[in-house]
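In case you want the letters, here they are:
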Amino acid sequence: MSFKSLVNRIDTLPALSYSAQKILAMYAQEDDSDVDVRKLTRLIQEDTLLTANILGMINDPKLGFNNKITAVGQAVTLFGSRIMKGFIISFVMKQRLQADMGAYGISNARFNDMCHLQSALLYQWYMKIDMNRAKTLVPLALIMEAGKVVFAAEMNESDYVDIFKEEILSAENMEEIEHRYSDTSSYYIGGLLFEHWNFSQYYSDLMKSLDFDNEDVKVDQLDLDILDVVRTAINVKGFLDKENMAKAQALVKSLGLDEVSFMHAALRIKNAYEEALRAKVEKL
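Described in the following lines is the structure provided in the data block. (Residues numbered from 1 in each chain as written. Predicted model: local features only at pLDDT ≥ 70, side-chain atom pairs only at ≥ 80, totals over all residues. Heavy atoms only, no water.)

### Remarks on the packing of aromatic side chains
And step 1. If you walk through the whole model with that rule in mind, you get 10 aromatic pairs.
And step 2. Between phenylalanine 3 and tyrosine 188, the aromatic rings sit 6.2 Å apart at their centres with planes inclined by 55°, giving tilted as the arrangement. With phenylalanine 3 in helix H1 (residues 3-11) and tyrosine 188 in helix H11 (residues 186-196), this residue pair connects regions lying 185 residues apart in the sequence.
And step 3. By relative accessible area, tyrosine 188 is classed as partly exposed at 22%.
And step 4. Centroid distance tyrosine 104 to phenylalanine 164: 5.5 Å. Interplanar angle 85°. Geometry classified as edge-to-face. Taken together, the residues span a long stretch of sequence, with tyrosine 104 in the loop between helix H5 (72-96) and helix H6 (108-126) and phenylalanine 164 in helix H9 (residues 161-170) at a distance of 60 residues. (Phe/Tyr/Trp six-rings, centres within 6.5 Å; stacked < 30°, edge-to-face > 60°. Helix = DSSP H or I, 4+ residues; strand = E, 2+ residues; numbered from the N terminus. Buried < 20%, exposed > 50% of the residue type's maximum accessible area, 1.4 Å probe, protein only.)

Following this line, the structure appears as C-alpha cells:
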C-alpha cells in the first residue's frame, strides 16, 4: 500500500450518474446560495432513489431533527440549497464507492451513522452562531470521512490489515497511523476524491489542509478548527462517548470557541442517537 496506489484507486472510480452530473453542473454554474430551488427540487424528484435517500437521511431519528420532512420541496426550503448539496453528494458517493470499513474496526452501518452524526453535530452547534459558515461546513461534515472508504479498500487487500486495525483502535492519533502506512491521511485522500468528481475546490482544499500545512491553498483556519472538533467528538473509535467528549470540549476551549453551544449540541445529538438505538432494540 502506498500513496500512489491510493491515487490509482481513485482514478479508476466510475463517473457519477447522469442525474447527479446534471444537479452538480447546476451548482457549478451558479453560486450555491443562488441555485434555483424550484429547478433543484425538480431535478431531485426526477431521481426516485435520490429522493428516497435524502428524505431517509433527514428523517433519521438518530440525527435529532424535530420536524418530519415528507417532500423534497419542504427539505430544500428548510435546509437551503447549500446543505442539500451535501445530501446529494453523500448519496452519489455511496453509489460509486463500495464500502467495507472492516480495516477501521467499524461496520458499514455504523460508519454511515458516524458521517450523519458529524454533520448533525455541526448543524446543531453552528447554525445559530454563524449561519453562513454552517451552510458551508455542514455538507462537508457529511462527506469528510469519504477518504476512509478508499483507504479501507486498499488496506483490506493488504497482508497487514489486522495489524492496522489494532493500531487504529488503540492510537491516540489515528491520522499518524494512516500516515505511517501510506505517507498521507484519509482526509487528504478525501480531498483528492473530491477533485476526481469535480466537487467544490474549497472542500478539497480543506481536506488537504486538515492534517498537513498547505501553503498552496487559502482556507479559513476557523473552518479547519470546527472540523477538527467534530472529528474529535465523533470518529470510528466512539460517538460522543466520555473520552471523545472530554477531548472535544478541551479542544473547543483551547481554540476559544463557544463551549456552552458546543456541549448543548453534542448532548442533544448524543441523547437522540442513544434513544433511537434503544427504540430499535425494543422493536426487535
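### Some remarks on the packing of H6 against helix H13 (residues 221-233)
And step 1. Where H6 contacts H13, the two axes come as close as 10 Å, and the packing angle between them is 125°. It follows from the interaxial angle that H6 and H13 lie oblique. Read as a crossing pair, H6 and H13 show a hand that is right-handed. Residues Gln118, Leu121, Leu122, Trp125 and Tyr126 of H6 form the contact with H13, whose own contacting residues are Leu222, Ile226, Leu227, Val229, Val230, Arg231 and Ala233.
And step 2. Residues of the contact of H6 with H13, tallied by class, amount to 10 nonpolar, 1 polar and 1 charged. (Axes fitted to C-alpha atoms, helices over the stretch in contact; angles between N-to-C directions. Parallel < 35°, antiparallel > 145°, perpendicular 65-115°, else oblique. Left-handed = near helix turned anticlockwise from the far one by under 90°. Contact = heavy atoms within 4.5 Å. Nonpolar A, V, L, I, M, F, W, Y, C, P; charged D, E, K, R; others polar.)

### Some thoughts on the nonpolar core
It is characteristic of soluble globular proteins that their nonpolar side chains tend to be buried jointly.
And step 1. Within the largest apolar cluster, 100 residues are counted, with the highest numbers of intra-cluster contacts made by Leu40, Met84, Met93, Tyr104, Trp125 and Phe262.
And step 2. The element that contributes the greatest number of residues to this core is H5, accounting for 12 residues.
And step 3. With near-sequence residues (within four places) excluded, phenylalanine 262 lies in contact with Leu121, Trp125, Val229, Ala233, Ala248, Gln249 and Val252. (Core = buried A, V, L, I, M, F, W, Y, C linked by side-chain atoms within 4.5 Å.)

### Thoughts on the side chain of lysine 208
And step 1. Within the secondary structure layout, lysine 208 lies in helix H12 (residues 201-209).
And step 2. Setting aside its immediate chain neighbours within four residues, lysine 208 contacts Tyr187, Tyr188, Gly191, Leu192, Glu195 and Asn214.

### Some remarks on the pattern of salt bridges
And step 1. Scanning the model with the defined rule gives 14 salt bridges in all.
And step 2. Between glutamate 154 and arginine 9 there is a salt bridge; the shortest N-O distance is 2.6 Å. Taken together, the residues glutamate 154 in helix H8 (residues 146-156) and arginine 9 in helix H1 connect sequence positions 145 residues apart.
And step 3. Here glutamate 154 falls in the buried class, since its relative accessible area comes to 14%.
And step 4. Between arginine 180 and glutamate 167 there is a salt bridge, and its shortest N-O distance comes to 3.0 Å. (Salt bridge = Lys/Arg side-chain N within 4 Å of Asp/Glu carboxyl O.)

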